[in-house]
Amino acid sequence: FDSAERVGLGVPLTVDDMVELCIQGIHRFPADADLYIRPLVFGTEGLLVPTSSNFAVTLFYAPLPPFAGFSAMLSSRRRPSPLAATTDAKASALYPNVARALREAKSAGFDNAVILDPDGHVAEFATANLFFVAADGTVVTPAANGTFLAGITRARVISLLADDGVAPEHRALLDWASFT
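Read on for an overview of the structure. Please read these numbers as outputs of a predicted model, since none were measured by experiment.

Cut-offs used in this document
Residues numbered from 1 in each chain as written. Predicted model: local features only at pLDDT ≥ 70, side-chain atom pairs only at ≥ 80, totals over all residues. Heavy atoms only, no water. Core = buried A, V, L, I, M, F, W, Y, C linked by side-chain atoms within 4.5 Å. Buried < 20%, exposed > 50% of the residue type's maximum accessible area, 1.4 Å probe, protein only. Helix = DSSP H or I, 4+ residues; strand = E, 2+ residues; numbered from the N terminus. Expected span 1.5 Å × (residues − 1). Contact = heavy atoms within 4.5 Å. Patch = residues over 30% accessible without salt bridge, like charges linked within 9 Å, V, L, I, M, F, W, Y side chains within 5 Å. Areas by Shrake-Rupley, 256 points an atom, 1.4 Å probe, with all protein chains shown as cover. Salt bridge = Lys/Arg side-chain N within 4 Å of Asp/Glu carboxyl O. Polar contact = N/O pair within 3.5 Å; in protein donor to acceptor, adjacent residues only side chain to side chain.

**Here's the deal with the nonpolar core**
Core analysis: the biggest nonpolar cluster contains nine residues, these being Ala72, Val114, Leu116, Val122, Phe125, Leu130, Phe132, Val140 and Leu173. Contributions of two or more residues to this core are made by β4 (112-116) and β5 (122-125). Core analysis: the next-biggest nonpolar cluster, separate from the first, contains seven residues, Val98, Ala101, Ala113 and Ala126 among them.

Following this line, the structure appears as structure tokens:
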């Protein structure tokens with residue numbers, strides 16, 4: 001809802017209606033299937049400024065790989081400024097930029113890329129929010145400054161950490177190499 005409204009789209013269904021459609025789709029898969037659920041609100045009429053919108057949901061198999069660690073490099077790409085893009089929405093227009101960062105990392109032999117914000121602070125990985133564990137055991141995550149989506153997954157991780165008695169420090173990170 002928030003992302004659709006931030007990019008100027010009306011949301012054609014209620015949350016309950018969207019959840020029901022997702023549940024119907026989930027029931028088409030085996031009970032133990034690892035699924036990725038992608039709800040999408042999209043403009044259907046209007047040139048550049050949508051005058052109507054619709055909803056679709058895609059579900060597909062997406063098992064998590066076993067965790068074996070990964071490598072990351074600092075990308076030459078940057079997150080856009082909130083003045084230049086709708087950075088506070090899960091918007092498909094932002095994906096090409098992180099895809100370029102990910103291609104850059106893969107071609108250099110890395111699994112992922114760390115992307116900086118317009119001011120040179122650590123923002124996120126190309127594919128996920130970013131949390132560090134400092135040498136003293138403190139969990140640190142970039143301060144939500146409007147240049148990356150501080151969304152539900154990030155909030156869930158912070159909540160899970162809190163359940164374990166860990167309060168992550170939210171701060172601007174200038175020197176990402178000091179955490180490697």
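**A few points about helix α2 (residues 15-26)**
In this model α2 runs 16 Å from its N-terminal to its C-terminal C-alpha over 12 residues, within 8% of the 16 Å that 1.5 Å per residue would give. Elements in contact with the buried residues of α2: β1 (35-45) and β2 (52-61).

**Some points on a nonpolar patch on the surface**
Nonpolar side chains collect at one region of the surface, where Phe1, Val15, Val19 and Ile23 lie side by side and expose about 320 Å² of accessible area between them. Its location among the elements puts Phe1 in the segment before α1 (2-6).

**Quick notes on unusual backbone geometry**
For residues other than glycine, phi is negative in most cases, and the peptide bonds are mostly trans. Residue Leu48 is not a glycine yet carries a positive backbone phi of 70 degrees. As for its placement among the helices and strands, Leu48 is situated in the loop between β1 and β2. For Leu48, a relative accessible area of 82% puts it in the exposed group.

**Brief notes about the pattern of salt bridges**
Tallied over the full model, the rule gives three salt bridges. Arg6 serves as the salt-bridge partner of Asp88, at 3.2 Å between the closest nitrogen and oxygen. Placement of Asp88 in the loop between β3 (72-78) and α3 (95-107) and of Arg6 in helix α1 is noted, with a sequence separation of 82 residues between them. A relative accessible area of 35% means that Asp88 is categorised as partly exposed. With a relative accessible area of 43%, Arg6 lands in the partly exposed category. Note that Glu124 is salt-bridged to Arg79, the shortest N-O span being 3.2 Å.

**Looking at the environment of Thr44**
Within the element layout of this structure, Thr44 appears in strand β1. The exposure class of Thr44 is partly exposed, given its relative accessible area of 40%. Not counting the four nearest positions on each side in its chain, Thr44 is found in contact with Ser52, Ser53 and Asn54. Only 2.6 Å separates the side chain of Thr44 from the side chain of Ser52, close enough to count as a polar contact.

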